[in-house]
There are 2 protein chains.
Amino acid sequence: MPSPARVTAAMVAERAGTSIATVSLVVNGKDRGRVSAPIAERVRAAVDELGYVVDHAASSLARGSGDLVVLIAPDLSNPFFAEVIRGVRDTLTDRFQLVLSVTERGRQPVTADVRRFERLRPAGILVDAPAAGEDLSAGVPVVQLDAPGGTDAVNYDLATGVQELVAHLADLGHRRIGYLDGTSRAATFALRRRLLEDAAVAAGLSVSPIVGSADLAVDAGASAADDLLDDWLDDGVTAVVAAADTLAYGVLRAAAARGVAVPGRLAVAGFDDLPSSSVTAPALTSVALPGADLGRAAALRLLATFDGGAPEAPSLPTWLVVRASTAG
Amino acid sequence: MPSPARVTAAMVAERAGTSIATVSLVVNGKDRGRVSAPIAERVRAAVDELGYVVDHAASSLARGSGDLVVLIAPDLSNPFFAEVIRGVRDTLTDRFQLVLSVTERGRQPVTADVRRFERLRPAGILVDAPAAGEDLSAGVPVVQLDAPGGTDAVNYDLATGVQELVAHLADLGHRRIGYLDGTSRAATFALRRRLLEDAAVAAGLSVSPIVGSADLAVDAGASAADDLLDDWLDDGVTAVVAAADTLAYGVLRAAAARGVAVPGRLAVAGFDDLPSSSVTAPALTSVALPGADLGRAAALRLLATFDGGAPEAPSLPTWLVVRASTAG
DNA sequence: CTGAAAGCGCTTACAG
DNA sequence: CTGAAAGCGCTTACAG
């Protein structure tokens, strides 16, 4: 039985024997001291009986903006984003409704994505791992996530985790590191690679000039790693770091297919510490980037922006989780 | 530089020296035979210069509904949904804009979720793996995904994959199967379990009455499996089937922690065939449910509904992918 | 405390 | 071919 007709504030008003304006006041909780208790009660009763719900389009048109918060994220095939989303959702109060938008695989959010959502008149926009060098400003508050160098961004303290990783590899006696990068233009990936190179040099290690790249799908990582494995080994590489765990899974798969022992012949590590990284063969060493923390911090910052405050942008802790893929 | 002020159709009209009505016609591509070429050209130029974009709220209010398609999905920690989303996005034409909504972990979409999005006046709503027995009808077209028994649903042919799995286990000599279910009320999970039981009986196997359940997170699956492992083994179980690969990962982890050899002492299989299922230890046997196919079929059905047609609901093929966790 | 009315920015008959 | 006007369903000053 498709709904016979949208129920409007006018219908509620008629039923409650009052005006549309009063209905609006009550429904929006702005009736304190403006509407008498008995009338407010009648309105609420009518709302329940009719199943009235404020029309979003009309409301945000009249008000200038609505209660939508849009989170624009790159391709969700990286389970990392599930955590981010959870953090955002758990932090946003009931006043706001979260909707997500996902870019195509391997493409980071850009200015045009923000523009497309501005027309929805959202209360605010969250942009996760945007492409570097984009102007993401809009007519509504925008908070960036994992966007080193971005305005109004919530970031990880990647340096700490990377240093722990390099120290760990150095302790194990590794001298030369191979790197598997993401293909995307995300600033966070550029930074991960640069930090690793810096830390390696500082620790007396070297990074092989043979650097692969792939989008964050396991398959793509496997085929990129498959192409490079021999070259890496010839170049004296004994440890490969991937820009994300999903890429590292690809390296594990390629190594297994080629009979390259991990970690005996090649140590492997990633970034993210996904839940499934504890069950890979072998279990994966990874720089933990707690996604829910990132989502939570970004949502808090957006909320603060609504209230006029623009708090200090936090830097979220990261750390190394050592498992068998390096320590074996 | 926050946008100085929303640019409206009135501003475009003034610049182009025409009326608002004409701007609307041109912008919506309804100008053929209604607006002269030179004027249409002037409007388009003004649109470009001003960077005008139709206001979604105003447009959908005037028109009755907008160009949004909402996909409501359960918790994204299951990477399966990333595939579904990709299928939907790649199929929806440029006329529509996809936005996602995610329920809390372990909760399936219900009627209230649909209601909440009706007020956005979307063109249509897609609901993935809804709770059983919910009335999901709305004032706009609704298509359900992986919702056995649901109205207007696009489903998998689960029976085939399950039969292949049971035949495979029977071939290997297994006689008694343990089952790890999802906690959610999704109809698709109820069906998976029932089909497995039926197929087992038909093949002369039995299913242990000891059935665990957990939400689809790896951690939850591991702790549920950890609780049941001894009981299963005592009960003569030699193979455990989990309702989703993420749950099966949990079983693998629990077994490894307890020193239970897989598949030597216990075979393990799941549903979904996620990308990471090829890199687990051991690699996981799974009933493949191609997520992108599901998304694509659902989007096509929605598109067809817009055009008045309600095509036959397809049943999407599933199949068994055998890996080391059973065959090893 | 309450309601009539203007206005949010569009779309779409309707007249010309 | 073109534009003035009504209307979509709200919210919010503004009068009373």
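Small disclaimer: the values here were computed from a predicted structure and weren't measured.

Q: What is the right way to look at the overall build of chain A in this model?
A: When you go through chain A residue by residue, the secondary structure sums to twelve helices and twelve strands. Taking 20 Å as the expected radius of gyration for a compact globule of 328 residues, we find that chain A reaches 25 Å, considerably beyond that expectation. Taking the principal axes of its C-alpha atoms as reference, chain A extends roughly 85 × 45 × 30 Å. A fraction of 71% describes how many contacts in chain A between residues 6 or more apart in sequence connect residues 24 or more apart. For chain A, the accessible surface area stands at approximately 12900 Å², while carbon and sulfur atoms represent 52% of it. Averaging the positions of the 29 positive and the 39 negative side-chain charges in chain A gives two centres separated by 7 Å.

Q: For this particular structure, what's the right way to read the environment of Ala10 of chain A?
A: All names here are of chain A. Here Ala10 shows up in helix α1 (residues 9–16). With a relative accessible area of 38%, Ala10 lands in the partly exposed category. With eleven residues separating them in the primary sequence, Ala10 and Ala21 have C-alpha atoms 9.3 Å apart.

Q: Help me understand the nonpolar core in this model?
A: Here is a general trend for soluble globular proteins: nonpolar side chains tend to be buried in one another's company. If you look at the biggest cluster of nonpolar residues, it comprises 164 residues, and the most contacted ones within it are Leu76 of chain A together with Leu76 of chain B. Excluding anything up to four places from it in sequence, Leu76 of chain B contacts Leu76, Ala82, Ile85 and Leu100 of chain A together with Phe81, Ile85 and Val102 of chain B. Within the second largest apolar cluster, 26 residues are counted, among which are Val99, Leu120 and Leu136 of chain A together with Leu136 of chain B.

Q: Hey, could you run me through the protein's contact with DNA strand D in this one?
A: For DNA strand D, the set of nearby residues contains 26 residues, the closest of which are Ser24 of chain A together with Thr18, Gly33, Arg34 and Ser36 of chain B. Contact between DNA strand D and Arg63 of chain A: a phosphate oxygen at 3.3 Å from a side-chain N or O atom of the residue. Every element with two or more residues in the surface near DNA strand D is listed here: α2 (20–27) and α4 (56–63) of chain A together with α2 (20–27) and α4 (56–63) of chain B. Here the surface near DNA strand D takes four residues from α4 of chain A, the largest share from any one element. Taken together, the residues of the surface near DNA strand D sort by class into twelve nonpolar, nine polar and five charged.

Q: Got a minute to help me understand the protein's contact with DNA strand C in this structure?
A: What surrounds DNA strand C is a group of 27 residues, the closest being Thr18, Gly33, Arg34 and Ser36 of chain A together with Ser24 of chain B. Within the side chain of Thr22 of chain A, a nitrogen or oxygen atom sits 3.2 Å from a phosphate oxygen of DNA strand C. Between DNA strand C and Ala62 of chain A, the relevant distance is 3.3 Å, taken from a base oxygen to a main-chain nitrogen or oxygen of the residue. Within the residue set of the surface near DNA strand C, elements represented by two or more residues are α2 and α4 of chain A together with α2 and α4 of chain B. Grouping the amino acids of the surface near DNA strand C by side-chain chemistry returns 13 nonpolar, nine polar and five charged.

Q: Can you walk me through the relation of the copies chain A and chain B in this structure?
A: Both copies of the chain are related through a single rotation about an axis accompanied by a shift along the same axis. Here chain A sits on chain B after a turn of 180° about the axis and a move of 0.1 Å along it, with an RMSD of 0.1 Å. Both chain copies can therefore be described as sitting about a two-fold axis. A share of 100% of the interface residues of chain A reappears at the interface of chain B, consistent with the copies meeting face to face through the same patch.

Q: I keep staring at the packing of helix α7 (residues 158–171) of chain A against helix α8 (residues 187–202) of chain A and nothing clicks. Help me out?
A: Packed helix pairs are characterised by how far apart their axes lie and by the angle those axes make with each other. Residue and element names in this part refer to chain A. Closest axis-to-axis distance for the α7/α8 pair is 9 Å, and the angle between their directions is 45°. Considering the angle they form, α7 stands oblique to α8. Note on packing geometry: the crossing formed by α7 with α8 is right-handed. Seen from α7, the contacting residues are Leu158, Ala159, Val162, Gln163, Leu165 and Val166; seen from α8, they are Thr188, Leu191, Arg192, Leu195, Leu196, Ala199 and Ala200.

Q: I tried to follow the interface of chain A and chain B on my own but got confused; where do I start?
A: Buried accessible area, meaning the area lost when the parts come together, often serves as the stated size of an interface. With 50 residues of chain A at the interface, the matching set in chain B holds 50 residues. Both faces considered, chain A and chain B share a buried interface measuring about 4000 Å² in area, 56% of it formed by carbon and sulfur atoms. Along the contact surface separating chain A from chain B lie six salt bridges. Between the two partners, chain A and chain B, sit 17 residue pairs in polar contact (both at pLDDT 80 or more). Where the side of chain A that touches chain B is concerned, the elements lending two or more residues are α4, α5 (80–91), β2 (97–102), α6 (111–118) and α10 (245–258) of chain A. Sort the elements by how many residues they give to the side of chain A that touches chain B and β2 of chain A lands first, with six residues. A class-by-class count of the residues in the side of chain A that touches chain B yields 24 nonpolar, 13 polar and 13 charged.

Q: Sorry, what's going on with the packing of α4 of chain A against α4 of chain B here?
A: Relative orientation of the contacting elements α4 of chain A and α4 of chain B amounts to 135°, with a least axis distance of 8 Å. One element, α4 of chain A, and the other, α4 of chain B, form an angle in the oblique class. Both α4 of chain A and α4 of chain B take part in a crossing whose hand is left-handed. Between α4 of chain A and α4 of chain B, the contacting residues are Ala57, Ala58, Ser60 and Leu61 of chain A on the first element and Ala57, Ala58, Ser60 and Leu61 of chain B on the second.

Q: Just checking my understanding: could you explain the UniProt feature "domain: HTH lacI-type" (unreviewed entry) in chain A for this structure?
A: Cross-referencing UniProt, the feature "domain: HTH lacI-type" (unreviewed entry) maps to residues 7–63 of chain A in the present numbering. As annotated, residues 7–63 of chain A comprises 67% helix and 0% strand, and the C-alpha atoms at either end are separated by 20 Å.

What counts and what doesn't
- Residues numbered from 1 in each chain as written.
- Chains lettered and ligands numbered in written order.
- Predicted model: local features only at pLDDT ≥ 70, side-chain atom pairs only at ≥ 80, totals over all residues.
- Heavy atoms only, no water.
- Helix = DSSP H or I, 4+ residues; strand = E, 2+ residues; numbered from the N terminus.
- Rg over C-alpha atoms; globule rule 2.2 N^0.38 Å.
- Contact = heavy atoms within 4.5 Å.
- Areas by Shrake-Rupley, 256 points an atom, 1.4 Å probe, with all protein chains shown as cover.
- Lys, Arg positive; Asp, Glu negative; His and termini not counted.
- Charge placed at Lys NZ, Arg CZ, Asp CG, Glu CD.
- Buried < 20%, exposed > 50% of the residue type's maximum accessible area, 1.4 Å probe, protein only.
- Core = buried A, V, L, I, M, F, W, Y, C linked by side-chain atoms within 4.5 Å.
- Near = heavy atom within 4 Å.
- Polar contact = N/O pair within 3.5 Å; in protein donor to acceptor, adjacent residues only side chain to side chain.
- Nonpolar A, V, L, I, M, F, W, Y, C, P; charged D, E, K, R; others polar.
- Least-squares fit on C-alpha atoms with pLDDT ≥ 70 in both.
- Axes fitted to C-alpha atoms, helices over the stretch in contact; angles between N-to-C directions.
- Parallel < 35°, antiparallel > 145°, perpendicular 65-115°, else oblique.
- Left-handed = near helix turned anticlockwise from the far one by under 90°.
- Buried area = accessible area lost by both parts, 1.4 Å probe.
- Salt bridge = Lys/Arg side-chain N within 4 Å of Asp/Glu carboxyl O.
- UniProt positions renumbered as here; feature names shortened; annotations may be inferred.

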